[in-house]
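Results of the structural survey
One-letter residues, chain by chain:
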Amino acid sequence: LLIISIIFRNTNRRMKQTFLLITALLLTACLANAQSQWINYKIDDKVSANLPVQPTRADEHSVFAKGSDSVIYVVATVDFSKLEGHLDSAQLAEMAPTTEFTDELKAGMLSEMPGSTLGDVTAGKWHGYNTFTMEGGNAAGKLKLYVYMVIIGTNMYSLMVVSPEG
């Protein structure tokens with residue numbers, strides 16, 4: 001950083017812009033190359049996810065993939081029309097933005113993840129669909145958790161990233 005600071009102090013505006021552009025292009029190329037080796041995993045006819053390796057089935061509703069960097073990616077789907085309440089897409093769309101729904105969603109996840117914590121649920125929209133994000137951790141396992149969910153029709157698609165702290 002000191003070298004960059006010295007370069008910036010002693011160069012004109014055009015040189016600074018050129019340097020920043022080249023740096024941005026190199027960074028973009030490195031990131032694009034890093035994920036170009038990932039596979040496209042088709043969850044169903046509506047959704048797919050890029051994963052570092054072919055995932056392994058965990059149970060009826062989820063798969064996981066472990067990258068070479070020890071990060072674990074969990075992809076899960078829940079069809080609310082097949083659960084006890086048999087919700088259709090209109091009912092689900094009406095319930096999804098409520099605090100009661102997000103509280104139940106968080107509580108349900110925590111019941112399946114002993115020793116883990118999750119922060120507040122942040123609701124949002126993606127292409128008109130309800131989305132939810134959460135961050136948390138597992139102190140005993142020294143893990144960070146990042147969760148992204150989207151509801152499309154009666155299905156909720158979830159991507160959880162579990163990474164080592166630090």
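Residues numbered from 1 in each chain as written. Predicted model: local features only at pLDDT ≥ 70, side-chain atom pairs only at ≥ 80, totals over all residues. Heavy atoms only, no water.

Some remarks on the overall build of the chain
Looking only at helices and strands, one finds four helices and 10 strands in the chain. The N-to-C order of helical and strand elements in the chain reads α-α-β-β-β-β-β-α-α-β-β-β-β-β. Of all 166 residues assigned to the chain, the portion counted as buried reaches 27%. In the chain, of all internal contacts separated by at least 6 residues, the share reaching a separation of at least 24 is 32%. (Helix = DSSP H or I, 4+ residues; strand = E, 2+ residues; numbered from the N terminus. Buried < 20%, exposed > 50% of the residue type's maximum accessible area, 1.4 Å probe, protein only. Contact = heavy atoms within 4.5 Å.)

Some thoughts on the confidence of the model for the chain
For residues with low pLDDT, the predicted coordinates do not support detailed interpretation. In this model, the chain carries an average pLDDT of 83, and 78% of its residues clear a pLDDT of 70 or more. Low pLDDT, under 50, characterises residues 1–8; the predicted model gives this stretch four contacts beyond four residues in sequence or across chains. (pLDDT = per-residue confidence, 0-100.)

Quick look at the side chain of Asn-130
Residue position: Asn-130 is located in strand β8 (residues 129–138). With relative accessibility at 10%, the residue Asn-130 sits in the buried group. There is a polar contact of 3.2 Å between the side chain of Asn-130 and the side chain of Lys-125. In this view, Asn-130 contacts Ala-93, Ala-96, Pro-97, Gly-124, Lys-125, Met-149, Val-150 and Ile-151; residues no more than four positions away in its chain are not counted. (Polar contact = N/O pair within 3.5 Å; in protein donor to acceptor, adjacent residues only side chain to side chain.)

Let's talk about the packing of aromatic side chains
Applying the stated criterion across every chain, the model contains four aromatic pairs. A ring pair is formed by Trp-38 and Tyr-73, whose centres lie 5.5 Å apart and whose planes are at 70 degrees; its orientation type is edge-to-face. Highlighted residues: Trp-38 in the loop between α2 (13–36) and β1 (39–42) and Tyr-73 in strand β5 (residues 72–79), separated in sequence by 35 residues. Taking relative accessible area as the criterion, Trp-38 reaches 24% and is therefore assigned partly exposed. Seen in terms of ring centroids, Phe-80 and Phe-101 are 6.0 Å apart; in terms of plane orientation they differ by 45 degrees. Their pairing is tilted. (Phe/Tyr/Trp six-rings, centres within 6.5 Å; stacked < 30°, edge-to-face > 60°.)

Here we look at the pairing of β1
The pairing of β1 with strand β2 (residues 48–51) spans four bridges and is classified as antiparallel. Residue Asn-40 lies in a different strand from β2, and its bridge partner there is Asn-50. The antiparallel pairing of β1 with β2 creates a hairpin that spans five residues between the two strands. (Pairing = 2+ DSSP bridges.)

Description of a nonpolar patch on the surface
A contiguous nonpolar surface patch, about 350 Å² in accessible area, is contributed by Trp-126, Tyr-129, Tyr-148 and Leu-159. In this structure, Tyr-148 sits in strand β9 (residues 143–152). (Patch = residues over 30% accessible without salt bridge, like charges linked within 9 Å, V, L, I, M, F, W, Y side chains within 5 Å. Areas by Shrake-Rupley, 256 points an atom, 1.4 Å probe, with all protein chains shown as cover. Salt bridge = Lys/Arg side-chain N within 4 Å of Asp/Glu carboxyl O.)

A closer look at the side chain of Asn-138
By the element assignment, Asn-138 lies in strand β8. Residue classification places Asn-138 among the buried positions, given a relative accessible area of 13%. At 3.3 Å, the side chain of Asn-138 and the backbone nitrogen of Ala-140 are in polar contact. Polar side-chain contacts of Asn-138 include one of 2.8 Å to the backbone nitrogen of Gly-141. Setting aside chain neighbours within four positions, we find Asn-138 in contact with Pro-114, Gly-115, Ser-116 and Leu-143.

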